[in-house]
Amino acid sequence: MKFKNYRGLLALLMVLALVAAACGSGSSDTTAGSSETTAGSSDTTAGSTDTTAPSSDTTAAAGAPEVCASDAFGCVEVAAGDPIKIGSLLVTTGPNSSLGLDSQYGIELALDYADGTFDDTNITIQGHDVVLVPEDDGCSAEGGTAGANKLAADTQIVAVIGTSCSSAALGTADKILGDKGVTLISPSNTSPALTAEATHNPFYYRTAHNDTLQGAAVAEFAYTFKGIKTAATIHDGSPYAEGLANAFAASFEALGGTITSQDAIQVGDTDFSGVLASIQAESPELLYFPIFVGEGSLLVQQAKTTLGDSVVLTGSDGLWSDDFYAAAGDGVFLSGPDVSAFAGDAALYKDIFLPRYAEKYGSEPLSAFHAHAWDAANIVLGAIEAVAVDSGGTLYIPRTGLRDAIAATNGYTGITGTLSCNANGDCQPSATIAVFEIVGGQQAADPVFSVVKSLE
């Protein structure tokens, strides 16, 4: 299946909605039958430990449909003439703003194009405008907490697209929003912990790849493609950086390589001479530092001076920004999604999305996850229309029902690939991960290495 906008996904999700209505229940059992979508298999059943909702939230208003009374978190009620509000929680200020703004632009383009045309007007659903309510996650636990609390306080927020950084979601935004029955779907969180069985919040999903895939791809780039046998790692203590460094180390050693050291820095550090001297003493052939732009731009310059040209410097998608490219100069490698060859609707991406992005925002994509944000927004739009019920001019959107519709995504062809959400919230069962070289202060358009990795 290929869809140019969310309505294709809507057709897929309507099957789920009809079955849910027939069952008259807001349970997380999303069994549905469709030879086209195969939605509703056992892998779409969301967690069952999530439905302890405040009783005040589940009291259905007079005239509300039965689905609101039976949904553990009740319904969002959108009065006639009022808009449907979708939140975003992305890093839009500070040194990592390229990461969040890139996703924000992907969401905005999706809301505009959902009716099949770009006209600077968002889609309407059952006569209601769709508006985006943005908050800044600060790429930190503190920022994620503050932003999630603001969005959770607005009872009209239907779902939230975010966060940018795993640290802003894990145990913070995912819990704050999940406790209110608000689904959080991220375009760029990649920490394995967010979708690990023990730590997954049942109202959390993502269209980004899981870093178990990226860690394995970078290890293959180093060991197999470059012939490197020894490597050191640096992380900054964040769930993203530490999880990815550990995933790389495990895969690199499994291939036969040796990790000479695994070090940590602190967010805000500016002098890395001590840790680099310690790494130099172990003589690794490659240094892998999947951190963020603020520290990474300084570290890469100091590493070139301390370690010399013989050590291959490699980072990941948290460093995709013009500021880092300028600091790195030449001969540095960055991994991330293969934006040169997404596995989804390539024509939509190259002929429609990218030209409009450049026209509207005046640049090439700022970072790595604009297409993942587009896909996340379309999944949310399709789910809303699949479960929303109009009664007397008021639109009722059941919160658990919406979560279940998102969870039921199976076989949806977005830009980034064919998306199917598993029980732990990963909606990219496989991903093409690439490594790009930085040349002349720019990231090359074509990768030097690319490989498909799958979760199963």
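(A) Layout of the overall build of the chain. A count of helices and strands for the chain gives 13 helices and 19 strands. Looking at the chain as a whole, 58% of its 456 residues qualify as buried. Taking contacts inside the chain between residues at least 6 apart in sequence as the whole, the part at least 24 apart equals 72%. For the chain, the exposed area adds up to about 15800 Å²; of that, 50% sits on carbon and sulfur atoms.

(B) Structural context of the packing of aromatic side chains. Scanning the model with the defined rule gives 21 aromatic pairs in all. A ring pair is formed by Phe248 and Tyr288, whose centres lie 4.7 Å apart and whose planes are at 50°; its orientation type is tilted. Residue Phe248 is located in helix H7 (residues 239–255), and its partner Tyr288 is located in strand S10 (residues 286–288); the two are separated by 40 residues in the primary sequence. In this structure, Phe248 and Tyr288 share a single accessibility class: buried. Centroid distance Tyr357 to Tyr361: 5.4 Å. Interplanar angle 70°. Geometry classified as edge-to-face. With Tyr357 and Tyr361 both in helix H11 (residues 346–361) and four residues apart, the pair spans about one turn of that helix. Here the aromatic cluster, defined as three or more aromatic residues joined through ring pairs, consists of Tyr105, Tyr113, Phe118, Phe342, Tyr349, Phe353, Tyr357, Tyr361 and Trp374. Seen from the ring of Phe203, Arg403 lies directly overhead, with NZ or CZ sitting 4.6 Å from the centre.

(C) Looking closely at unusual backbone geometry. At the junction of Gly162 and Thr163, the peptide bond is cis and its omega measures out at 0° in the coordinates. One can find Thr163 in the loop between strand S5 (157–162) and helix H5 (169–178). A positive phi angle is found at Ser283, which is not glycine, with a value near 55°. Residue position: Ser283 is located in the loop between helix H8 (273–281) and S10.

(D) Up close: the state of the cysteines. Under the defined criterion, the tally for this structure stands at three disulfides. The side chain of Cys139 participates in a disulfide bridge whose partner is Cys165; the two sulfur atoms lie 2.0 Å from each other. Between Cys139 and Cys165, the S-S dihedral sits near -95°, and the bridge is therefore left-handed. With Cys139 in the loop between strand S4 (128–136) and helix H4 (141–153) and Cys165 in the loop between S5 and H5, the pair connects residues that are 26 residues apart, well separated along the chain. Between the sulfur of Cys421 and that of Cys427 lies a disulfide, 2.0 Å long from S to S. Here the S-S torsion is close to 100°, and the disulfide linking Cys421 with Cys427 is therefore right-handed. Cys427 gets classed as buried once you look at its relative accessible area, which sits at 0%. Numbered in order of appearance, the disulfide-bonded cysteines of the chain are paired 1-2, 3-4, 5-6.

(E) Region of interest: the pattern of salt bridges. Counted by the stated rule, this structure contains nine salt bridges. Note that Asp120 and Lys360 form a salt bridge whose closest N and O atoms lie 3.0 Å from each other. Placement of the pair is Asp120 in the loop between helix H3 (97–113) and strand S3 (124–125) and Lys360 in helix H11, with a sequence separation of 240 residues. Classification of Asp120 by relative accessible area gives exposed; the value is 53%. The exposure class of Lys360 is partly exposed, given its relative accessible area of 35%.

(F) Seen up close, the nonpolar core. Counting residues in each nonpolar core, the largest one holds 60 residues, and the members touching the most others are Phe248, Phe252, Leu287, Phe289, Leu299, Leu313 and Phe324. The element best represented in this core is helix H6 (residues 211–225), accounting for seven residues. Excluding residues that lie within four positions of it along the chain, Leu287 makes contacts with Ala232, Thr233, Ile234, Leu276, Ile279, Leu299, Ala303, Leu307, Val311, Val312, Leu313 and Thr314. Ile107, Tyr205, Ala388 and Tyr412 belong to the second largest nonpolar core, which has 50 residues in total.

(G) View of the packing of H3 against helix H12 (residues 370–387). Close contact between H3 and H12 brings their axes to 7 Å; oriented N to C, the two are set at 40°. On the basis of the axis angle, H3 is oblique to H12. The hand of the H3/H12 crossing is right-handed. Between H3, through Asp102, Ser103, Gly106, Ile107, Leu109, Ala110, Leu111 and Tyr113, and H12, the contact on the second element is made entirely by His370, Ala373, Trp374, Ala377, Asn378 and Leu381. Split by residue class, the contact of H3 with H12 holds nine nonpolar, four polar and one charged.

Basis of the calculations
- Residues numbered from 1 in each chain as written.
- Predicted model: local features only at pLDDT ≥ 70, side-chain atom pairs only at ≥ 80, totals over all residues.
- Heavy atoms only, no water.
- Helix = DSSP H or I, 4+ residues; strand = E, 2+ residues; numbered from the N terminus.
- Buried < 20%, exposed > 50% of the residue type's maximum accessible area, 1.4 Å probe, protein only.
- Contact = heavy atoms within 4.5 Å.
- Areas by Shrake-Rupley, 256 points an atom, 1.4 Å probe, with all protein chains shown as cover.
- Phe/Tyr/Trp six-rings, centres within 6.5 Å; stacked < 30°, edge-to-face > 60°.
- Lys NZ or Arg CZ within 6 Å of the ring centre and 35° of its normal.
- Disulfide = S-S within 2.5 Å.
- Salt bridge = Lys/Arg side-chain N within 4 Å of Asp/Glu carboxyl O.
- Core = buried A, V, L, I, M, F, W, Y, C linked by side-chain atoms within 4.5 Å.
- Axes fitted to C-alpha atoms, helices over the stretch in contact; angles between N-to-C directions.
- Parallel < 35°, antiparallel > 145°, perpendicular 65-115°, else oblique.
- Left-handed = near helix turned anticlockwise from the far one by under 90°.
- Nonpolar A, V, L, I, M, F, W, Y, C, P; charged D, E, K, R; others polar.

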